Amino acid sequence: MPDNQLVEKSKLTLFQRIKKNSLIKKISGERYDKAPEYLKVDPDVIQALMAKSYLNISHLPDGFALEYIHENTDIFKELNDELQDYYLGIKIELIKLLPGERALQYIDEHPNAFKNLDFSLQKHFLAKKPEMFRFLDNDTQKRIIFSDESYKYIKYLPAKKQVKYLTQKTEDEVHLIDGVPDQNGINYDGFTLKTEPFFFSQELHCFDENALLKAIKLNKDILDRGWRDSDDSETREKWKMIHDLYDYVDLSKLPQDTKVKILTIDNRFISKCDTDTLIKFIDGNPVLLRLLPQERQDEIIEIDPSMNIYNSNRDKSFNNHVQEGLDINSNPMIRKVLTDKKVLDTIDPNRIDDFVKNPSEEKFKELIIDTYGENAKRVLESRPGITSDIIPNLRIFDPVIFEEFGEATVHNQLTYNTKFSILLADFADHPEKIQEYKKFEKLTDGLFIQNSAGNEEKLSEYLRFSNLLPLLDGESLTTDRIKSLRLAIADRKIIETKTIKLENLEDLDMYVAKRNKMYDEALKKVTDPESVKEIISKRFFGIDYGEKTGNDEGIYTASTLTMKELLHYYSIDNLLKDKRTYESDLFDKDDLDAIELANIISKIDDVEVLSKIYNVLAEKENVISPIEFETIKQKIPLQYSRELVSQLLTPEKAREKIENGEEGIAIEQEDGGIEIINLTGADFKIMMHSFLSVGQTNSGFRISPDIDKSELWKYFENGCSTISNCVIEPNMLNSCAVNENVINFGFSNIDPRLIIGMSHQDAHVDSRNRSVDPFFRFSTVKFNYPEELIRKTAAQISGVEEKDATHDYNEVTTYRNEQDPNKVGSDNLGGKIMPDYIVVFGEITDTHRNLAKAMGKNGKPLPIVKINEENYRNNMVARAHKKDTEHTIVSKEDSEFIKEIKEINSDEGRER
Amino acid sequence: MDSEKLNNTIKLVKQVLEENKDNPKVTEAYKDIVKLANKRNID
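Residues numbered from 1 in each chain as written. Chains lettered and ligands numbered in written order. Predicted model: local features only at pLDDT ≥ 70, side-chain atom pairs only at ≥ 80, totals over all residues.

Details of the overall build of chain A
Then, number 1: A count of helices and strands for chain A gives 43 helices and 13 strands.
Then, number 2: Counting over 912 residues, chain A shows a buried share of 35%.
Then, number 3: Taking the intrachain contacts of chain A between residues at least 6 apart in sequence as the baseline, contacts between residues at least 24 apart amount to 64%. (Helix = DSSP H or I, 4+ residues; strand = E, 2+ residues; numbered from the N terminus. Buried ≥ 20, exposed ≤ 12 C-beta atoms within 10 Å, placed from the backbone. Contact = placed C-beta atoms within 7 Å.)

Structural data, given as structure tokens:
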């Protein structure tokens, strides 16, 4: 019989009544235990037992014990701790009956019980033990913070969440399970929570200090780069969002040490701090006094007259300058120097004083060199076009960065706008963190593209797992956990899996099961084939399936590719029909078959069949997973690029053609050592970039006729990070500019890995300056083997296939700088790509000759390739119908015998 | 890519498509998976 069920007082027999009376008279715990069931549940017996001693409660069945406590609440607090803990484990609400200290002790020892308390009790305990906030579920946490406006609990949220609140807009759906009324008595099922950094401007004291400082570092970086004037509306909006936060921010409730740390990171906050804090801030660095408004300087000098030597009022003209320095839009040079402790510790204060008074680019660089030494000098002198606004922070020049990450890494922080530079500054300040990062790199080997964009992705993932990494050490670093971590990273583009909490080892151990269950549940809700393919693609291949929508519609980057985009942008059908694919050392058989499998699944259009496929694969462990597919994705565009580069005309190939007696090509040497390669009919394929000799570039830079083009190519640092090239050949000479104001640079000895986009029309590459991960718009990217690239270009120009209305050329886009760290250094302008020759249509002029000499390599001028147009057709109509057959795999049905029969039949047809 | 995992996956997909090979929405994919399986000597 259940021990918590009320028993009706049934009629007892005479014998039973005698037994009952006997038990009651001599009642004890032991006798009760031996009594028959019908007596144990008798209310008179229970009353007698408890009347004897309340400690007898331990003999009662749990249900009766709880009922007794319910009716006699006083006895609960009299029980020993062990008994109390026992009953609390069954009914946590009993905690209300305990004195405050004892209740807190129980919660402390049983934090998971906290989650099971009702909401009002949770709030009651939070007042005494706010750190228990961490044990609440996400929705309750948000409800307490935002609905009840108890911001003091923000510091107990995960650090990443806190940083997000201070650096981004957020939007969440918060669900309230019990619909308990809020502080205004309003009862509802949930709410949409939208925040932006500005909301927290008065609540910074509620954040954990480390999270707050991290957010300030990130925000500073955005403000320093002056994104206010960016053409990109998203970045302008972000700048404004942070600017608004800072305008209204209140630091007064923060501890003084925290305020000083904030000022050290970003002295924009000077105007928000009290005098005592400012004194602490400039302690040891009195020259910083000049950053303060005059009245604050006067306050400090009154306290400490010896500070008067730093008084900017001594020089009235400088005073205005200091005021300007306090403006949020001021010259970042001064901030970068004055917030770098190493500079302030190394350089004579008078020299710094002089710099602050009269800043200049030259002095700025000298300060860096004199602080950071030969490495910094070598880097800065190799790139004279680098200006202070480009240098993200000075800590990247620290010797530990050169030692641990290499000179190429330092150069890359100057080449691109990166978030990685912020992390490097942190590593320079805390070198002990570097090993943790390197551990992460090792654990995630192969999962990121090996270029600067891949590094930025790696950084994001490193920060995502920064709480987890220290826990993965020694015995806790098991094979299974490494697999789970790698899978979580291979899943990184999938929004759904990114919501799975991964902050401790338990989370990591549960990751695979949770993600798989999530997909199983998702499958039950979908009814169309595309949605099922979406789930299959995410679970087994680690990428979304369908094309991007909304703001990302039509956008291509290698790292955000969906399955459908991969099949389209990478021309998979053509890839798998070409012999060169199978002869390539890039792929092994499994790679290509995996791609083919993905292609096959994409062709199935039946929801039940697709669901069955999902279910049979989901039951097995030994099937493909996203980790395997990640590296395959990276190889496909490289295969096309390698083939293209292998076909390009090089000076060496030109000489070989002549030696082999090929007609239509000749080489002559001009005075001055310039080699002229004359093309008068020989076949060629050339990839060239058309460089305006006068006019506006895509970077927004205006080139005037008198600018030295070689200097511009070598030393200009503030342009777009890509080079847009056209591929031309005898039957198709169209490129993006053919007038007299154009210089054409030919690129042939180029690392194929630098090709990041390809299209038979304009590829619409993003031209933001110094972008580390340039993207392509309007779904125009289409990687192909060169023959198909040329054919499709001709087809679109002539209108045989879909036409690009405004562009009559193709585009092959490369990075402007080398991506292999072994090829980036101070001896080659930070890895800047240089042309292999100059291409001229028509007459060679002195402009060409001078440029060839100025852009020469190894002491020799660049060759000039002269294309004599009258010898070449520009007959795209004929070309448009000619498909590549030389490299196409012949299908088994088209055997040689069958082909012969077909030929005979067609000949007979013609004869008739 | 793990060969064994890929083989298992192809085999399982092929089994499902085989059961539905008369379905016109599946026919082309079935032919392709048979070719792929044969290429890899998967039954």
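Once you've had a look at it, read on.
With respect to the pairing of strand β8 (residues 722-728) of chain A
All names here are of chain A.
Then, number 1: Of all seven residues in β8, seven are buried, a share of seventy percent or more.
Then, number 2: What you see with β8 is no split at all: T722, S724, C726 and I728 on one side and I723, N725 and V727 on the other are buried throughout.
Then, number 3: Pairing between strand β5 (residues 686-692) and β8: three bridges, direction antiparallel. When the sheet's bridge partners are listed, M687 is paired in β8 with V727.
Then, number 4: Where β8 meets strand β11 (residues 811-815), four bridges bridge the pair, whose relative direction is antiparallel. Bridged to T722 within β11 is Y815. (Pairing = 2+ DSSP bridges.)

A word on the packing of helix α12 (residues 209-224) of chain A against helix α13 (residues 233-248) of chain A
All names here are of chain A.
Then, number 1: One can describe the packing of α12 onto α13 by two numbers: an axis separation of 10 Å at closest approach and a directional angle of 125 degrees. In terms of axis orientation, α12 runs oblique to α13. Between α12 and α13 lies a crossing of left-handed hand. Two secondary-structure elements touch here, α12 through N219, I222 and L223 and α13 through K238, W239 and I242. (Axes fitted to C-alpha atoms, helices over the stretch in contact; angles between N-to-C directions. Parallel < 35°, antiparallel > 145°, perpendicular 65-115°, else oblique. Left-handed = near helix turned anticlockwise from the far one by under 90°.)

What about the nonpolar core?
Then, number 1: Counting 113 residues, the largest nonpolar core has I536(A), L597(A), I686(A), I838(A), V865(A) and I33(B) as the members making the most contacts within it.
Then, number 2: Considering every element that reaches this core, the biggest residue donor is helix α35 (residues 589-602) of chain A, with seven residues.
Then, number 3: The residues that make up this core include at least three from each of domain 4 (450-647) and domain 5 (648-880) of chain A.
Then, number 4: Core analysis: the second largest hydrophobic core is formed by 62 residues, L263(A), I300(A), L338(A) and I368(A) among them. (Core = buried A, V, L, I, M, F, W, Y, C linked by C-beta atoms within 7 Å. Domains from an automatic or database assignment.)

What about the interface of chain B and chain A?
Then, number 1: Contact with chain B, which involves 22 residues of that partner, is made by 22 residues of chain A.
Then, number 2: Per-element tally for the side of chain B that touches chain A: the top contributor is helix α1 (residues 3-19) of chain B, with ten residues.
Then, number 3: In terms of residue class, the side of chain B that touches chain A is built from ten nonpolar, five polar and seven charged. (Nonpolar A, V, L, I, M, F, W, Y, C, P; charged D, E, K, R; others polar.)

Points about the packing of helix α30 (residues 505-524) of chain A against helix α31 (residues 529-541) of chain A
Packed helices, taken two at a time, are described by the angle between their axes plus the distance between the axes.
Residues and elements named next belong to chain A.
Then, number 1: The contact between α30 and α31 brings their axes to 10 Å, and the two run at 175 degrees. In terms of their interaxial angle, α30 and α31 are classed as roughly antiparallel. From α30, Y519, A522 and L523 reach across to α31, where they touch V532, I535, K538 and R539.
Then, number 2: Of the residues contributing to the contact of α30 with α31, the split by class is five nonpolar, no polar and two charged.

Notes on the confidence of the model for chain B
Then, number 1: Summarising the model, chain B shows a mean pLDDT of 91, and 100% of its residues fall at 70 or more.
Then, number 2: Scored by ipTM, the complex comes to 0.98, with pTM at 0.67. (pLDDT = per-residue confidence, 0-100.)

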